[in-house]
Amino acid sequence: RRDYFSELDLEQKRQRQKHSKTDDNKQSSPTPDIPPQDIFRDGSKYSSWDENGFPMKDANGKELSKAATKKLKKIYDAHCKRHDTWKEQNKNNDDDSKSTNGDQNKDKTTGETGDNLAVKPPQ
C-alpha cells in the first residue's frame, strides 16, 4: 500500500518537471523577427545547411538522425508561420504609420502639406 504523502510528492515532482520543460521550450524559441533561414545558423551546433537554412549535419560533420531532423523540421515550420504573421503585422503597421504621418504634416484649414506652408511672422 502506498503512502498518501509519497503519492503527493510524486505528483508535485511531475508537475515541476512538466513546467520546467515548457519553460525551456519558450526560452529557446527564436523571436519572430529572425528570418527562418537564420534560426539554425549556429556554427557550434551545425556545420552544414541546405538552401533554406535547414541544418543537414551536426557540428562534427555527421548527418542528423531522422528523429533530430523531424524535431528541427517541426520547429522550423512553426517559426516560418510565426515569422510570416510577424511580417504581415509589421507590413500593416508600416502602411498605417505612413498614411498617418502624411496627414500630420497637412494644414487643417487648407489641406496643404508642411513643405508648402509659409510661416507667418508674429504681428
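All values derive from a computational prediction rather than experimental measurement.

**Focus on the overall build of the protein chain**
Consideration 1: Looking only at helices and strands, one finds 2 helices and 2 strands in the protein chain.
Consideration 2: The buried share of the protein chain, reckoned over its 123 residues, is 12%.
Consideration 3: When contacts within the protein chain are restricted to residue pairs at least 6 apart in sequence, those whose partners lie at least 24 apart make up 31%.
Consideration 4: Surface summary for the protein chain: the accessible area is close to 10600 Å², and the carbon and sulfur share equals 49%.

**Regarding the packing of aromatic side chains**
Here a ring pair, both rings aromatic, is described through the centre-centre distance and the interplanar angle of the planes.
Consideration 1: Tallied over the entire structure, the rule returns 4 aromatic pairs.
Consideration 2: On the numbers, 6.1 Å between centres and 85° between planes, the contact of Phe 40 with Phe 54 is edge-to-face. With Phe 40 in the loop between α1 (4-28) and β1 (46-49) and Phe 54 in the loop between β1 and β2 (55-58), this pair connects stretches of sequence that are 14 residues apart.
Consideration 3: For Phe 40, a relative accessible area of 7% puts it in the buried group.
Consideration 4: On the accessibility criterion, Phe 54 (8% relative accessible area) is buried.
Consideration 5: An angle of 85° between the planes, with centres 5.8 Å apart, marks the rings of Phe 54 and Tyr 76 as edge-to-face. In this pair, Phe 54 sits in the loop between β1 and β2 while Tyr 76 sits in helix α2 (residues 66-104), placing the two residues 22 residues apart along the sequence. Neither residue differs from the other here; Phe 54 and Tyr 76 are each classed as buried.

**So, the nonpolar core**
Consideration 1: Membership of the largest hydrophobic core is limited to 8 residues, which are Ile 39, Phe 40, Tyr 46, Phe 54, Leu 64, Leu 72, Tyr 76 and Cys 80.
Consideration 2: In terms of residue count, α2 provides more of this core than any other element does, 3 residues in total.
Consideration 3: Not counting residues up to four positions away in its chain, the partners in contact with Leu 64 are Tyr 46, Pro 55, Met 56, Lys 57, Asp 58, Thr 69 and Leu 72.

**Description of the pattern of salt bridges**
Pairing between side chains becomes possible if they bear opposite charge and their charged atoms approach one another.
Consideration 1: Counted according to the given criterion, the structure contains 1 salt bridge.
Consideration 2: The partner of Lys 73 in a salt bridge is Asp 77, with the nearest N and O atoms 3.4 Å apart. Pair noted here: Lys 73 and Asp 77 are both in helix α2, with a separation of 4 residues, about one helical turn.
Consideration 3: Look at Lys 73 and you get partly exposed, because its relative accessible area is 41%.

**So, the confidence of the model for the protein chain**
Consideration 1: This prediction gives the protein chain a mean pLDDT of 75; 62% of its residues lie at or above 70.
Consideration 2: In the model of the protein chain, α1 stands out as the element of lowest mean pLDDT, 63, in contrast to β2, which has the highest, 91.
Consideration 3: Under a pLDDT of 50 for its full length, residues 23-27 has, in the predicted model, 0 contacts with residues more than four places off or in other chains.

**Focus: the environment of Ser 65**
Consideration 1: If you trace the backbone, Ser 65 turns up in the loop between β2 and α2.
Consideration 2: Looking at Ser 65, its side chain comes within polar contact range of the main-chain nitrogen of Ala 68, at 3.1 Å.

**Describing the pairing of β2**
Consideration 1: Note that β1 and β2 share 3 bridges and pair antiparallel. Within the sheet, the bridge partner assigned to Trp 49 lies in β2 and is Pro 55.
Consideration 2: The antiparallel pairing of β1 with β2 creates a hairpin that spans 5 residues between the two strands, and Gly 53 there sits at a positive phi of about 85°.

What counts as what
- Residues numbered from 1 in each chain as written.
- Predicted model: local features only at pLDDT ≥ 70, side-chain atom pairs only at ≥ 80, totals over all residues.
- Heavy atoms only, no water.
- Helix = DSSP H or I, 4+ residues; strand = E, 2+ residues; numbered from the N terminus.
- Buried < 20%, exposed > 50% of the residue type's maximum accessible area, 1.4 Å probe, protein only.
- Contact = heavy atoms within 4.5 Å.
- Areas by Shrake-Rupley, 256 points an atom, 1.4 Å probe, with all protein chains shown as cover.
- Phe/Tyr/Trp six-rings, centres within 6.5 Å; stacked < 30°, edge-to-face > 60°.
- Core = buried A, V, L, I, M, F, W, Y, C linked by side-chain atoms within 4.5 Å.
- Salt bridge = Lys/Arg side-chain N within 4 Å of Asp/Glu carboxyl O.
- pLDDT = per-residue confidence, 0-100.
- Polar contact = N/O pair within 3.5 Å; in protein donor to acceptor, adjacent residues only side chain to side chain.
- Pairing = 2+ DSSP bridges.

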